[in-house]
Amino acid sequence: MATKKQSKVAKKQLKSAKKQTKAVTKKQPKAAAKKQTKAAAKKKQVKVAKTETSQTFGGQYGYFDDVNKEYVLRNPATPIKWCNYVGTLAYGGIVDTTGGTVLCKGDPALNRITKYISQMPCSDFKGSTTYIRIKEKDSIKILSPFVVPTCTMWDKWECRIGLSYTKWVAEGFGLKVTVVVFVPSKSSTLIQDISIENVSRKNMEIDVVPVYEFSHFDALKQLTNADWVPQTMTVEAHKEKSGHVILEQYAFMKKQYAVNYFTASLPADSFDGDRREFLGFNEITGWAAPATLYRGKLSNSTALRGDNIAAQMFKFKLAPKKVGRVATQLGQEKSIEEAMPAIKKYRDLKNVDKAFADLADFWKNYLTALQVKTPDSSFNSMINVHNPRQCHTTKNWSRYLSLYQLGFGSDRGIGYRDSSQDLLGVMSHMPEEARVLAENLLSVQLEGGNAMHQYFPSTMEANEGDSREKEDRPKYYGDDHLWIVLTVASYLKETGNMEFLKKEIPFYNKKKELEAREKGTVLEHLKRSLAFSWNDRGTHGIPHLGFADWNDTVNLPTGAESLFNASLFAKALLEMIDICEAIEDRELAEQYKNWYEEIKAQVNKTAWDGEWYVRWFDEKGEPLGSSKNKYNKIDSLGQSWPVISGIAPAEYAKTALDSVNKLLNTENGIKLSWPGYNGFDPHVGGVSTYPPGAKENGGIFLHANPWVMIAETIIGNGDRAFQYYNQINPAAKNNGKINEFESEPYCYPQNILGSEHKQFGLARNAWLSGTSSWTYQAATQYILGIKATFKGLSVNPCIPKVWKEFSVSRKFRDAVYEISVKNPNGVSKGVKSVTINGQAIEGNVLPILPGKKHIVEVVMG
Ligand code: GLC
């Protein structure tokens, strides 16, 4: 609570702030500007009141448009920033719903293009906006189709979050403004396609001013050094005979090989490259009311140093019903000369339209790999559009760049375990692209078999993640190297390309140049992964924890063992046994079977706690995740993974999963553990830095939820698996629960606050989470039960009993399988009969068939 004195001070500050604002507005160059500000303020008040009452539409901010595969936002005042991804890591980034842009080429930390500070309020300028200036007889209106930073209240506004594009439509002030932002496939340019229609009855003069603010390429330096950075930043202007302007921006040391450029399909009336010139008044009126916009033209400034921007003004005189259009390009190439072909290409609006249509084709093609029809519409929406789309996003960005994982410095990069799991979510859609990333991951595996924790894509330099920070803890993670076995197995099953196992890939060795590093076949890499865990076991015969296992935040002293690592190791062994059998290496298969049996026996001998499995043994051999502990008595991974890996005998599997249901499940999802630590405990480390109920400390860490779904399907519990699916389906939160959830309803967040927290149900860390890949796998491979194997496509659904039927269209190898499943007796699991093209087959594995379409009919019972 504020003291009396504090609130007096606050009041005083408020008064003087008001005075200042008055003074600043007074200074505006023209009387017209003054009028406009007053009018805008009046309008604002009225409209703000309107939005407050419009909360009554159920806290609902928008709707799913499944036909156009978009989420349509109708209210810009989302509870927190919501966003979309455009382009790929090769060139692309994030576009938020109020027009902010984070853009990079190849690497957000080392080659960032726009400056976006995600912690600032949504109302701020965030790397980009577009101003619309309407000039009337004696007034000027400055608007933005993105609402921000001018606080424009349109009569009608929507933001369509589409597949790799965002489209805004804003109507009001006699105009209909449409803006589409996207990156054409395989290009290094961000297009902003702006159309303005005069929907009034009079002629209008409209100026359009798109603006981007540049970041230093070293994104962290931009924030930590305010002398060296501005001393090196330059904007030059190239004016072409045609009147087109190219603004060229670079940091001095990159002048010869990486320049950013901003240009457009239309000649520019004027431009600015220097932020101070553009904003005017030494920037005191800020982005909400740039002084230059109240004068006639922009200042035609370039920048020899300082805060670099790219702004251009385009002028339109529009009769009623006429449309003006301009497409801008923000790109990066070696030089302007090298950029010219792309610049010319996208100055032609036909090519912009074609690039947009091509993008739509890419997605159409991508999504046809797997389409479903089930009785649940939010399940269909997620599985047909938004979930595979999010998997594509996590595959691209790993955990490197989001509005939460900010991509500064060496904190992140491409995560070994994260990307290995992400690839499992895109394998049925883009196996060859997945293979390329898998090869990169394998190339940062060490000779000893364990892996580096993360690497930077532009340099391929790898590091040990957070384990670098702790002197007294192991310098490796106990799980990283095991995930890649699952990934490679999934690729082989999807494609049948067994030759891949023979491909030679180097092992990582910091001290050696790339050419001097030891190489091994992919098979050899996998063998070393398994051998590492086999040889790295502790006193209970269970693999060591290392610095951490999947749960980054439990960092026990050296010597601790992880039951999760044991299960993941067992699952990796099962996958490897499948591979060995497919390549007919019986001896190796035999060896891995023995290892599997040994691990299974050790886990069941040492880790059963009575009603669930314990999760770790600490360095002294004491259990953690046991009823004996005060905090962290039970952990969800400790139960789901012994079932997924098949090491839990049937009665243990059922009891453990019932304990999860009893002690960890909530209406908003399954908590990772219970109870949460209530204070920092250096023995366990990171997990106890959160309050109880947050993140890994008893929060609903969503990534772990699909593992429980999968485990429930394995023991045949389709109703529970689907209940768990629904609890965390963000699309199902769009009505009613969205103001509690707060995060985007069209993608999974990483975490939801658990029931021990007062803000139970609040979600954060949208987009880049392993939840995406695993929920997609849980839904398609375990609930619908369609899974690639070496022998064909296995069909083994485990569905809610009330589902009478569902269908799946699945591309597999060269063919498309149109599978319709009937459930006449209302069971959850069990396949009674299968026919392919009218012919009955034995068992439930659809053979690998040539040709195009095959009609499959399955009856459960
Ligand atoms: C984050 C990390 C992931 C880790 C998880 C649980 O999502 O990216 O690697 O497994 O947290 O700690």
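A few points on the structure. No experiment lies behind these values; they were computed from the predicted model shown.

**Remarks on the packing of helix 15 (residues 636-644) against helix 17 (residues 705-714)**
Then, number 1: Where helix 15 contacts helix 17, the two axes come as close as 8 Å, and the packing angle between them is 40 degrees. The orientation of helix 15 relative to helix 17 falls into the category oblique. With respect to the hand of their crossing, helix 15 and helix 17 are arranged in left-handed fashion. On helix 17, the residues that touch Ser636, Leu637, Ser640, Trp641, Val643 and Ile644 of helix 15 are Trp707, Val708, Ile710, Ala711 and Ile714.

**A short note on the site of the ligand**
Then, number 1: In the vicinity of the ligand, the residues found are Arg399, Arg412, Arg417, Asp418, Trp550, Asn551, Asp552, Glu696, Phe701 and Gln750.
Then, number 2: In this structure, an oxygen atom belonging to the ligand sits 3.0 Å away from a main-chain N or O atom of Asp552.
Then, number 3: With respect to the ligand, the side chain of Glu696 contributes an N or O atom lying 2.6 Å from an oxygen atom.
Then, number 4: Protein chains shield 97% of the accessible area of the ligand, which is 310 Å² for the free molecule.
Then, number 5: For the shell around the ligand, the residue count by class is two nonpolar, two polar and six charged.

**Digging into the pairing of strand 13 (residues 233-239)**
Across a regular strand the side chains alternate sides, sitting on one face of the sheet and then on the other.
Then, number 1: Note: strand 13 against strand 14 (residues 245-251), seven bridges, orientation antiparallel. Paired with Thr234 across the two strands is Tyr250, which belongs to strand 14.
Then, number 2: The antiparallel hairpin formed by strand 13 and strand 14 contains five residues in its connecting segment, where Gly243 sits at a positive phi of about 100 degrees.

**Considering the pattern of salt bridges**
Then, number 1: Tallying each qualifying case throughout the model produces 54 salt bridges.
Then, number 2: Asp578 is the partner of Lys493 in a salt bridge, and the nearest nitrogen-oxygen pair spans 3.0 Å. Separated by 85 residues along the polypeptide, Lys493 in helix 11 (residues 480-495) and Asp578 in helix 13 (residues 563-582) bring together distant segments of the chain.
Then, number 3: Note that Glu611 is salt-bridged to Lys662, the shortest N-O span being 4.0 Å. With Glu611 in the loop between helix 14 (586-606) and strand 26 (616-617) and Lys662 in helix 16 (residues 650-663), this residue pair connects regions lying 51 residues apart in the sequence.
Then, number 4: With a relative accessible area of 63%, Lys662 lands in the exposed category.
Then, number 5: Taken together, the salt bridges that share partners define one network made up of Lys115, Glu213, Arg275, Glu283 and Asp307.

**As for the side chain of Glu696**
Then, number 1: Among the structural elements, Glu696 can be located in the loop between strand 31 (673-674) and strand 32 (700-701).
Then, number 2: For the buried residue Glu696, which engages in no salt bridge, the nearest side chain bearing the opposite charge is Lys695, 4.8 Å off.
Then, number 3: In contact with Glu696, not counting residues within four places along its chain, are Asn551, Asp552, Thr553, Leu672, Ser673, Val687, Tyr690 and Phe701.

Quick notes on the rules
- Residues numbered from 1 in each chain as written.
- Predicted model: local features only at pLDDT ≥ 70, side-chain atom pairs only at ≥ 80, totals over all residues.
- Heavy atoms only, no water.
- Axes fitted to C-alpha atoms, helices over the stretch in contact; angles between N-to-C directions.
- Helix = DSSP H or I, 4+ residues; strand = E, 2+ residues; numbered from the N terminus.
- Parallel < 35°, antiparallel > 145°, perpendicular 65-115°, else oblique.
- Left-handed = near helix turned anticlockwise from the far one by under 90°.
- Contact = heavy atoms within 4.5 Å.
- Near = heavy atom within 4 Å.
- Polar contact = N/O pair within 3.5 Å; in protein donor to acceptor, adjacent residues only side chain to side chain.
- Areas by Shrake-Rupley, 256 points an atom, 1.4 Å probe, with all protein chains shown as cover.
- Nonpolar A, V, L, I, M, F, W, Y, C, P; charged D, E, K, R; others polar.
- Pairing = 2+ DSSP bridges.
- Salt bridge = Lys/Arg side-chain N within 4 Å of Asp/Glu carboxyl O.
- Buried < 20%, exposed > 50% of the residue type's maximum accessible area, 1.4 Å probe, protein only.
- Lys, Arg positive; Asp, Glu negative; His and termini not counted.

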